[in-house]
Amino acid sequence: MMMWSHKLRGFRKGFVPDAEGEYNHRLNPLDADLGSEILGSHDFDIKKPLVSAAETDYQMVDVYEVMNPKQRRLSDYYKSLEDDGSYESLHPEFFAPDHILLLDGIVQSTRYGDAPYHESIVHPAMITHPNPKRVAVIGGGEGATVREILKHSTLEKVVMIEIDGGVVNLSTKYLPEWQDCSSIAHHDGCAEWCFDDERADLRVEDALAYFNDNFGSSSSISESVDGNDVQEQFDVLIMDCLDPNDDHPFAKVLYTDDGYVTSLYDALTEDGILVAQVGEAPKPRSPSDENGSFENRSTMIKMLDAIGFKSIHIYEESHCEFLAPWTTLIAFKDVETRKRWYRNPAAVELDLSRRILPTKDGKTSLRYFDGATMKSYQMPSRAFEDNYCRQQDKPDECEEKVRFRNGEEVNASVSSAYSPVFERHFS
C-alpha cells in the first residue's frame, strides 16, 4: 500500500495520451524504473534529484544521486571527503554516490555501470575490425559511447547522430564524467571534452532520416575522378538507443523497419560491423523472443540475416548496473572479419596495447575491457540457446544438438547467420 501510494496516487493526472482518456503507463515515468527503483525505494542513505522531470523536445529526463547502503556505506563516503591519508580519502572514486540517468523513467546509464556498459558495446567490435577508421553512433546522448570510440588510435572520424540535443546538454552539465576525455587529451587532435576532439562530429538530427537519405535505396552515390564510389561508409556502426522491448513506436521502427535496417547494411564497408544493444538477456525459462516481449529483437535478427549479414552473434554483460544482464548484438558483413571475433585473449591484449591511446603515465585508458573479458563474450549463453530452440518452427540444429549430446554421429549445418546452437556445439 505504501509503495502504491508513494508512486502513483495523485500522479496519474496528465498521463492520458489518447482521445478516449485511457491511462497509458508508458507515458508515466513513475510506472517505470523511476518509480520502482528510485522513488519507490525507501532505504537509500542519499536520494537527491540533480535533474527532476526536465522535458526536452522528445522525452523526460531525470538524473538522481543515490547511495544504496547495500552497496556502499555512508560513513565511508564521508571519510573519502577528508584529507587524512585513509584508504577512502585516497580512493574517493570507490565511495561516491551513484549517479543515474533516466529517460522517460527508464534507467539508461549509471556511474558505476558506465565502464562495463559502454566499453562492452564499443571495444569488442572495434578491436575485432582490422582497421576501424570511420564509426557511426546512433543515439548515445550522454556521450560515453563516443568517449570510448575516441580511445582508438586507428579512428579518423566518429559521427554521432542523436535526435535529442537536450539529453546531450543535460549530460554535459550533470554527468560530466560521461563526456570526459581528459585521460587521452594529451594526444594530437584530442581534447579534454570528448565532443571537442577533432575526430568527433555530433549531429543533432533524426538517425532514421540520416541513414535513409544517405544510404537508403533512393540515395545517390557520387563518383570520384577514377570512377570509384566515394560515398563515405562506416567500418563500425553502433546503435546505442531505445531498447527493442520499449513500449514506444520509435523502438519498433529502429529494430523492424526494413528500409531503415537495409540502409544500415548499406552504410557499412564490405568488412563492416553492426553493433546494437538489444535489451536484457533471456532467463532460463523465458519464452522465445518471437513469442515474448522481445519480438522486435527476434524480427531484427531475422532481417539482418535476410539482408545479407554473414554472421550474427549475441553476448551478455552483467555489470552494467541495470536490473538484469544486458545483451549486445554484433553482425558481420564479412566472414573473414568474423573470424577475428574468436581470437585468444593474448592476441586481443596485443591489439589493445597497439591501438588504445594510453594515459599520460602510459597506462591503458580502459577501465573494464580486456582480453579475458573478450573471451567471455565469444560464446552465447545457454539461455540464448534454449530461447532460440523454443521458436514455434524449431531450427533443425536444435534436433541435431540432442543427437550430438547423445554421442550419435551428426552432420550439422545451419542456413541462418544467427545460431547460438551451432556456435555452442558445432563451430
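Scroll up to find the structure this text is about.
Described below are features of the structure shown in this document. (Residues numbered from 1 in each chain as written. Predicted model: local features only at pLDDT ≥ 70, side-chain atom pairs only at ≥ 80, totals over all residues. Heavy atoms only, no water.)

Regarding empty space enclosed by the protein
- Under the counting rule described, the total for this entry stands at one cavity of 30 Å³ or more.
- Reported here for the largest cavity is a volume of approximately 30 Å³.
- In this structure, the largest cavity is lined by Tyr117, Ser120, Glu317, Cys320, Trp326, Thr327 and Thr328.
- Taken together, the elements giving at least two residues each to the lining of the largest cavity come down to α5 (114-128) and β11 (326-332).
- Here the lining of the largest cavity takes three residues from β11, the largest share from any one element.
- The residue makeup of the lining of the largest cavity, split by class, is three nonpolar, three polar and one charged. (1 Å grid on protein atoms, 1.4 Å probe; cavity = no way out; pocket = protein on both sides within 12 Å on 5 of 7 lines; lining within 4 Å. Points joined across faces, edges and corners; volume = space filled by probe spheres on them. Helix = DSSP H or I, 4+ residues; strand = E, 2+ residues; numbered from the N terminus. Nonpolar A, V, L, I, M, F, W, Y, C, P; charged D, E, K, R; others polar.)

Looking at the sheet that holds strand β10 (residues 311-317)
- Sheet architecture is open: seven strands sit in the order β7-β6-β5-β8-β9-β11-β10, paired in mixed fashion. The outermost strands of the open sheet, each flanked by one partner alone, are β7 (200-203) and β10. Mean inter-strand twist for the sheet, computed between neighbouring axes without regard to direction, equals 15°.
- Sheet analysis places β10 next to β11, joined by seven bridges and oriented antiparallel. Looking at β11, one finds that Ile314 is bridged to Leu329.
- Running at roughly 135° to strand β9 (residues 268-280), helix α10 (residues 258-266) makes contact with β5 (134-139), β8 (234-240) and β9 of the sheet. (Pairing = 2+ DSSP bridges. Axes fitted to C-alpha atoms, helices over the stretch in contact; angles between N-to-C directions. Contact = heavy atoms within 4.5 Å.)

Structural notes on the sheet that holds strand β3 (residues 98-103)
- Taken in spatial order, the four strands line up as β1-β2-β3-β4 in an open sheet, and their pairing is antiparallel. Lying at the two open borders of the sheet, with one neighbouring strand each, are β1 (46-55) and β4 (106-110). Geometrically, the sheet is characterised by an average inter-axis angle of 20° between neighbouring strands, direction not taken into account.

Remarks on helix α15 (residues 382-389)
- Extensive coverage of α15 is indicated by the burial of seven of its eight residues.
- Within α15, burial applies to Ala383, Phe384, Glu385, Asp386, Asn387, Tyr388 and Cys389. (Buried < 20%, exposed > 50% of the residue type's maximum accessible area, 1.4 Å probe, protein only.)

Remarks on the side chain of Ser298
- Mapped onto the elements of the fold, Ser298 is located in helix α11 (residues 295-307).
- The buried category is assigned to Ser298, whose relative accessible area is 11%.
- Among residues more than four places away in sequence, those in contact with Ser298 are Asp289 and Glu290.

Examining the layout of surface pockets
- Computed from the structure, the largest pocket encloses a volume of approximately 1100 Å³.
- If you trace the largest pocket, you find 41 residues lining it, with Ile106, Gln108, Leu242, Asp243 and Asp246 closest to the centre.
- When residues of the lining of the largest pocket are traced back to their parent elements, those giving at least two are β4, β5, α9 (249-256) and β9.
- Looking at which element gives the most residues to the lining of the largest pocket, the answer is β4, with three residues.

Digging into the state of the cysteines
- As enumerated under the stated definition, the model contains two disulfides in all.
- Between the sulfur atoms of Cys389 and its disulfide partner Cys398 the distance amounts to 2.1 Å. Every disulfide takes its handedness from the sign of the S-S torsion; for Cys389 and Cys398 that torsion is -90°, giving left-handed.
- Since its relative accessible area comes to 10%, Cys389 is described here as buried. (Disulfide = S-S within 2.5 Å.)

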